[in-house]
Amino acid sequence: MNKILCFCAFLFTSISFSQSVRFDGFIQDEQKNPLEMANIMAVNSATKAMDSYGITNDKGKFQLTLKPNSSYVIKVSYLGMKSKEITIATQTANIAQNIVMDGSGIELEGVEIVREMPVSIKGDTIVYNADSFKSGTEKKLEDILKKLPGVEVNADGEIEVEGKKVSKLMVEGKDFFDGDTKLGVKNIPADAIDKVQVLRNYNEVGALKGLENDQDNVAMNIKLKEGKKNFWFGDVTAGTGVGELDSRYIINPKLFYYSPKYSINLITNFNNIGELPLTAQDYFKFTGGFKNMMKKGGSNFNVSSNDLGISILRNNRAKEIETKFGATNFAYSVTKEWNISGFGILSSSKTDLETKSQTTILDSGNKQNRDEVTHQKNDLGLFKLSSSYKPNEKLQFDYDILTKLSKQDEDTDLLRESVVNTIAASETILTHKKQDPTSINQNLSLYYTQSDKNIFAFEMQHLYQDENPFYNANLQSRPFVLSGYDPNQARNDLNQDRFVKTNKIDAKLDYYYMVTPKSNINVTLGNTYSYQDFNSHIFQMLDNGAKNDLNNTENNNQVNYNFNDTFLGFHYKILAGKFTLTPGISAHSYAMKNTQLGTDYSQNFTKILPDFFALYQIKKSESLTYNFSLSNDFTDINQLAAGYVISDYSSLFRGDRSLENATSQVHSLRYFKYNMFNFENIFANATYTKKVKAIKTEADFTGINQSSTPYNSNLADETFSGIGNYGRSFLKNYKASVNATFNWSKFNNIQNGKSATTESFSQSYTIKASTNYKNLPNIEFGYNALINQYSGSTFYTDKPFARLDYYFLESFAFVSEYEFYHYYNSGKTVDNEYDFLSASLIYQKKDSKWEYKIAATNLLNTRYLNDDNFSQFSTRVSQYTVQPRYIIFSMKYNL
């Protein structure tokens, strides 16, 4: 199949090259100065269709690809100048001609020409005309975004533009489930989209734009077609089908309403075909749009999650998945000055996992083979309410509250075979995990512009988090030696209750003084205060059902922890020619105290932390950025509790109350170039981190059972990550890219009383190309190579992939995707091949509201996927069961 697709791509390319005429030249003003980013398009005089378009480069050069023996009207527009039209006739030879613009006036017609352009640039905003990139098979926003130059959508539904993650998605200027782009990418109908606006250097607060370094901030706004405004639109899908042994179903209504005063979005999805609109992974990383307001402070105090290691998987990474999902998002303009918005999300899923794995201890070579069958139930809830009040241009008041609720249960039945010093032993283990954590995050912000030279910003966040994980392990062998434990039982039934409460307040006041129009001083006064409670208790259930409380001090925790950081920061930002420089420094006073075992342990000290930002703006769309920061990294209460904590059935952890902070220095270098002349985008990023006095783990292994405790290492940990990407669109209908990613890490630990250094090095290389015709089949094909090198082991994954989509007979759309995997290690002791094929055929008559679809997933009925991962003490290779082949017939009604 890959050979056929490659041949088709070559054939289409050959046809385009052999039947085209190049028209190029320079666009200039009356003084012969080049005009960068002028818009030019060629309209076929006979068909009235736009056959080609372009945007000039920094030298004013343009290049269009036209049909031979045709007549064209060439339309040119440039902001601030009168539009221009010329007529040309092509034969078979290339044409070269310069165009001089008239700067004497502006016509409204020129604005209209810009709107018709497939891509145009207005300041920091890139505008894509969605219809120019549609071929007829697009159903969701995601399908359009993947065809836009410089835009990518990754496997998690995150949008990346020019290598930068889109942090905010809006529709008609209103937030769409703020803090996540996946719901919009997977649900906004493609036929409702008119324009896609990419907002670079984005800052939500207009008063702070230009005062801070926003080069990495990207937002996206979707403009709707006129027929979709002030009317309900959307679709209702219902389908049924068959799997290998049982029936399949999907019910998926989606409704949207947008008007200048308010908007409402409703999304629901009930299915057992593996569609997860919101995974547990998405839930825990959902920010709700809350930003890291203390990033300029130089301190990192991150509240860790007590999630018990409950499996968090992406779509289709399980044997069976059944989902019930509902979400609503709204925005309402109460008055011209006051806007409120928010969302509510409820999700319930049942997941069956079946996994085979082998874990190898690096120091001893001992192995643990596991066959696991897991049943998991996740109930997740997310609720956010936002208010923004702006009575005038000088004052803005914002308030946000985000609530997260969840209930998770996981039962696992596993067969474990341990191989210790070549001696094998097997046993069955039953585990049960459950938790229903709650978190409430509040944000209050006040921005005041006293004058053109004086701006004030006050921001405060409060986090309340309540976690209560419960863990149970029922084993045959006795994994740990615990005081008070009764070993004379047929089974070893270990249990642990854990309760962790956190209250954390961050507050800071920023003052900006404009020294000159190109420089400002920023003074920051801030404070971080955290109070945490940690309680845990280990107990044993005896064979007769009685409870044996292990009441010894070492088996219990009752800890309080206070952390306080007061700091004063100073930053100076200056624009000097093509350079933007922002040196900064912050002075900190730290106070920490943990109370446990009837005593207090305190630490108090001060520290000065520098940081530096430099931007070299080589051209309008080419830049080089350097970032340096020195930060203090602090642990939270989970590492300080001195009593035992059961990590899992083979791992016991004990904290250290005397842990100190680590110091990290981070260097980051980023290069970016975006050329609208040929839609070429290049970006590269390299980040090096060196962490001194890092909090490390001292682990002792008895066979394959681990007992560990943290300590401050005198040896530095180092990480280096790099990414490079080159992509471009050419000949209007083609898009290609090459991507490389590297991650290297070096860790120092103590294993069985000996110092150990472990390294990991991951590499990923991807090359892909695609076509975008309106009347021909379109293909995307590519290849990905993944190499994971761990201490003593190397794993490889070769993955060629292809996609075919074709809109034909003005009613039918056919889409098929194919992926092939070859997974193996350096010694070929692991060597697996598997592939996935899906296909769908859609019928919808022109202007009809009804759509009929038959879709088949996993047509080759592949049963397993492979994966590997690395910890600082072991490597793990896994094989897990995925959903079988199924076929679904569905009907969709478009409102």
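Figured I'd write up the structure that's included with this text. (Residues numbered from 1 in each chain as written. Predicted model: local features only at pLDDT ≥ 70, side-chain atom pairs only at ≥ 80, totals over all residues. Heavy atoms only, no water.)

Bringing the overall build of the protein chain into the picture now. On a plain count of helices and strands, the protein chain comes out with five helices and 52 strands. A compact globule built from 895 residues should have a C-alpha radius of gyration of about 29 Å, and the protein chain, at 30 Å, falls within 12% of that. Here the protein chain holds 895 residues, and the buried ones make up 51% of them. Here the contacts in the protein chain between residues at least 6 apart in sequence split such that 65% fall between residues at least 24 apart. Positive and negative side-chain charges of the protein chain, numbering 96 and 99 respectively, have mean locations separated by a distance of 5 Å. (Helix = DSSP H or I, 4+ residues; strand = E, 2+ residues; numbered from the N terminus. Rg over C-alpha atoms; globule rule 2.2 N^0.38 Å. Buried < 20%, exposed > 50% of the residue type's maximum accessible area, 1.4 Å probe, protein only. Contact = heavy atoms within 4.5 Å. Lys, Arg positive; Asp, Glu negative; His and termini not counted. Charge placed at Lys NZ, Arg CZ, Asp CG, Glu CD.)

With that out of the way, let us pick up the packing of aromatic side chains. Enumeration according to the criterion identifies 33 aromatic pairs in this entry. Here Phe 301 and Tyr 561 contribute two aromatic rings whose centre-to-centre distance is 6.4 Å and whose plane-to-plane angle is 40°, an arrangement assigned as tilted. Residue Phe 301 is found in strand 20 (residues 299–301), and its partner Tyr 561 is found in strand 32 (residues 556–576); the two are separated by 260 residues along the sequence. Accessibility classification places Phe 301 together with Tyr 561 in one group, the buried group. (Phe/Tyr/Trp six-rings, centres within 6.5 Å; stacked < 30°, edge-to-face > 60°.)

This part takes up the pattern of salt bridges. Per the stated rule, a full pass over the model turns up 42 salt bridges. A salt bridge links Lys 384 to Asp 178; the shortest N-O distance between them is 3.0 Å. With Lys 384 in strand 23 (residues 367–392) and Asp 178 in the loop between strand 14 (174–175) and helix 4 (182–187), the pair connects residues that are 206 residues apart, well separated along the chain. Comparing Lys 384 with Asp 178, the two get one shared label, buried. Note that Asp 235 and Lys 254 form a salt bridge whose closest N and O atoms lie 3.9 Å from each other. (Salt bridge = Lys/Arg side-chain N within 4 Å of Asp/Glu carboxyl O.)

As a further point, take the sheet that holds strand 2 (residues 39–44). Spatially, the four strands line up as an open sheet ordered 3-2-5-6, and their pairing is antiparallel. Two strands lie at the open edges of the sheet, namely strand 3 (50–55) and strand 6 (84–89), each paired on one side alone. Taking each pair of neighbouring strands and ignoring which way they run, the sheet shows an average axis angle of 20°. Pairing between strand 2 and strand 5 (residues 71–77): six bridges, direction antiparallel. Among the inter-strand pairings, Asn 39 is bridged to a residue of strand 5, identified as Ser 77. (Pairing = 2+ DSSP bridges. Axes fitted to C-alpha atoms, helices over the stretch in contact; angles between N-to-C directions.)

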